[in-house]
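Now for the letters of each chain:
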Amino acid sequence: PVDELLVHVRVLARGSRSEIQGVRDGRLLIKTTSPPVGGAANRDVIRQLSEAFGVPPSRVLLHRGKTHRLKTFRVLEPRCMPPYATELLRRNEA
């Protein structure tokens with residue numbers, strides 16, 4: 001089991017739907033319908049990551065990039081590893 005996972009993300013705000021699109025250029029590409037105003041997009045990304053990794057939203061922390069498209073999130077004690085997470089882990093180890 002992994003205690004903590006750093007997830008590098010590229011966020012596309014104001015999309016037509018909220019979804020995790022997979023890995024692009026070493027980052028997880030996440031679309032959100034929320035605007036990048038007042039932290040709304042960040043909250044939606046946290047919600048999506050918490051569902052994907054099977055943890056409560058309180059266990060997904062914004063580590064870096066609060067006001068940027070390129071962000072890093074910390075997922076504490078993930079309960080499940082989606083297929084793209086293993087791809088990210090392989091890239092980070094290389």
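Up top is the structure.
If you're wondering where the values come from, they're calculated on a predicted model, not measured in any experiment.

This part is about the layout of surface pockets. Of the voids in this model, the largest pocket is the one considered here, and its volume is about 250 Å³. Taken together, 14 residues make up the lining of the largest pocket; nearest its centre are Pro36, Lys66, Thr67, His68 and Lys71. Residue assignment for the lining of the largest pocket shows that the elements contributing at least two residues are strand 1 (4–12) and helix 1 (40–53). Tallied by class, residues from the lining of the largest pocket come to 6 nonpolar, 5 polar and 3 charged.

Looking now at the sheet that holds strand 4 (residues 60–64). Strands belonging to one sheet form pairs held by backbone hydrogen bonds; the direction of such a pair is parallel or antiparallel. Reading across the sheet, the 5 strands line up as 2-3-1-5-4 and stay open at both edges, with mixed pairing between neighbours. Each end of this open sheet is capped by a strand with a single partner; those strands are strand 2 (19–24) and strand 4. Taking the axes of each pair of neighbouring strands and ignoring which way they run, one obtains an average angle of 35° across the sheet. Looking at chain direction, strand 2 and strand 3 (residues 27–31) are connected through 5 bridges and run antiparallel. Bridging across to strand 3, Gly22 finds its partner in Leu29. Packed on one face of the sheet, helix 1 meets strand 1, strand 2, strand 3, strand 4 and strand 5 (70–76) and runs near 115° to strand 3.

Criteria and thresholds
Residue positions are counted from 1 within each chain, in the order its sequence is given. Totals for whole chains, interfaces and linings use all residues, but because this is a predicted model, local features are given only for residues with pLDDT of at least 70 and pairs of side-chain atoms are given and counted only at 80 or more. Hydrogens and water molecules were not included; the side-chain quantities draw on all heavy atoms of the structure. Within this scheme a cavity is a closed region of a 1 Å grid, computed over the protein atoms alone, that accommodates a 1.4 Å probe without allowing it to escape, whereas a pocket is open but has protein on both sides within 12 Å along at least five of seven lines; lining residues each have an atom within 4 Å of a point. Grid points are joined across faces, edges and corners, and a volume is the space filled by probe spheres set on the points. Runs of H or I in DSSP of at least four residues are treated as helices and runs of E of at least two as strands, each being numbered from the N terminus. Ten residues, namely Ala, Val, Leu, Ile, Met, Phe, Trp, Tyr, Cys and Pro, are considered nonpolar, four, namely Asp, Glu, Lys and Arg, are considered charged, and the remaining ones, Gly among them, are considered polar. Should DSSP find at least two bridges between two strands, the strands are taken to pair. Angles run from 0 to 180 degrees between N-to-C directions of axes, and those axes are lines fitted to C-alpha atoms, restricted for helices to the stretch in contact. Two residues qualify as a contact provided that any one of their heavy atoms is within 4.5 Å of a heavy atom in the partner residue.

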